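# Analysis of the macromolecular model
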Amino acid sequence: TTKQDAAGAIDYVSDYVTGKFSKVDLKDSFTSYNGSIVFASDSVQTTGSGISVSGAVATINKGGVYTVSGSSANGQLIISVDKLEQVHIVLSGVSLSCQNSAPFWVKSADKVVVTLKSGTVNKFEDGTTYGSDIDAPNACMYAKDDLTFNGTGTLEVISHLNNGIGCSNDLKFISGIYTVSAFNNAIKGKDSIAVLAAKITVLTADDAFK
């Protein structure tokens, strides 16, 4: 069950978890951005600040709002900011594969919110190895901290190694259309998974939601 409060957030209660879809979780439109990231094959083009680039790997190292688009057959988007900072990613038509790791990896943040821009199709696909690093991600789209998805676009996630979308804290889906194919679990939230009004299709050999 859900209930809208006066501040604009939505409380939810279930048999498994009680929490809140905050105003940050629900926000899906912006008038200004801190920077943009455009993947272009084996390189990345950026504008604004708070972004570092190495080859086809773009790392966001400062909290703020960023747009991401373009395509790469072996690229990666990493978010690594202070634990007190929040990052909002607007996916505006991106197709990103990564041969030896997770193409989308939140290493550190207070919270990351991903907005699927209206009318766009976005895709992330991993390879069959993530290396031997003990801190390596365990999902194609992986976050060590809170992760929220919203917007009205489409997201396709294909994992050949492990989980599709994974989060070590709270994982939320506000809206959007999702197709998740995974070798292991399709969607995994260590602390919780909460869905408000998203359409999610999964194809997996293990659990759909865990």
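Anyway, here's the lowdown on the structure attached to this text. (Residues numbered from 1 in each chain as written. Predicted model: local features only at pLDDT ≥ 70, side-chain atom pairs only at ≥ 80, totals over all residues. Heavy atoms only, no water.)

## Points about the pattern of salt bridges
In plain terms, the rule: Here, a salt bridge means any Lys or Arg side-chain nitrogen found within 4 Å of an Asp or Glu carboxyl oxygen. Each helix is a run of H or I in the DSSP string that is no shorter than four residues. Each strand is a run of E no shorter than two, and both are numbered from the N terminus. Only protein chains enter the accessibility calculation, which uses a 1.4 Å probe; a residue is then buried when its area is under 20% of its type maximum, exposed when over 50%, and partly exposed in between.
For the coordinates displayed, the defined rule picks out five salt bridges. As a salt-bridge pair, K172 and D25 come within 2.8 Å of each other at their nearest N and O atoms. A residue pair is termed long-range when its members are at least 10 positions apart, and K172 in strand β18 (residues 170-173) and D25 in helix α1 (residues 23-26) qualify at 147 residues. Taken as a pair, K172 and D25 share a single burial class, namely buried. Linking E125 and K123 is a salt bridge whose minimum nitrogen-to-oxygen distance equals 3.8 Å. Relative accessible area serves as the criterion here: at 28%, K123 is assigned to the partly exposed category. Through salt bridges with shared partners, one network takes in D25, K111 and K172.

## Notes on the nonpolar core
Counted only if it meets this: Here, nonpolar core refers to any group of buried Ala, Val, Leu, Ile, Met, Phe, Trp, Tyr and Cys residues whose side-chain atoms link them within 4.5 Å.
Of all hydrophobic cores here, the largest spans 40 residues; its most connected members are L77 and I89. Judged by nonpolar contacts, the second largest core, of five residues, contains Y12, F21, I174 and A194.

## Concerning the environment of C140
Cut-off, in case you're wondering: Two residues form a contact once any of their heavy atoms are found within 4.5 Å.
Mapped onto the elements, C140 comes out in strand β14 (residues 139-143). Given the relative accessible area of 0%, C140 is considered buried. Separated by 40 residues in the primary sequence, C140 and V180 have C-alpha atoms spaced 9.9 Å apart. In contact with C140, other than residues within four places in its own chain, are A102, P103, F104, F124, E125, D126, Y130, V157, I158, S159, N163 and G164.

## Regarding the environment of Y33
Checked against the element boundaries, Y33 lands in the loop between α1 and β4 (35-40). Y33 gets classed as partly exposed once you look at its relative accessible area, which sits at 42%. Beyond its immediate stretch of four places on either side in the chain, Y33 contacts V65, T67 and V90.

## As for the packing of aromatic side chains
Basically, it comes down to this: In summary, the pairing rule links any two rings of Phe, Tyr or Trp, Trp by its six-membered ring, whose centres are within 6.5 Å, and it sorts them by plane angle into stacked for under 30 degrees, edge-to-face for over 60 and tilted for everything else. In this analysis the charged atom, NZ for Lys or CZ for Arg, is taken to sit over a ring once it is within 6 Å of the ring centre and within 35 degrees of the ring normal.
Scanning the entire structure with this criterion turns up six aromatic pairs. Their ring planes at 55 degrees and their centres at 6.3 Å tell us that F30 and Y33 sit as a pair that is tilted. Consider the rings of F149 and F173, whose centres lie 5.3 Å apart with planes at 10 degrees: the pair is stacked. Of this pair, F149 sits in strand β15 (residues 146-151) while F173 sits in strand β18, and the two are 24 residues apart along the sequence. Of the residues examined, F149 reaches a relative accessible area of 0% and is grouped as buried. Three or more aromatic residues link up through ring pairs in this structure, and these residues are F149, F173 and Y178. Between the NZ or CZ atom of K27 and the centre of the ring of F30, over which it lies, the distance is 5.0 Å.

## Quick notes on the environment of D25
Inclusion rule: Residues adjacent in sequence count toward polar contacts only when both atoms are side-chain atoms; beyond that, a polar contact is any pair of N or O atoms within 3.5 Å, and within protein one must be able to donate a hydrogen and the other to accept it.
Residue D25 is classed as buried on the basis of its relative accessible area of 0%. The sequence separation of D25 and I10 amounts to 15 residues, and the corresponding C-alpha distance is 9.7 Å. Discounting residues that sit within four places of it in the chain, D25 has contacts with K20, K111, V113, T148, N150, K172 and I174. For D25, the side chain forms a polar contact with the side chain of T148, separated by 2.7 Å.

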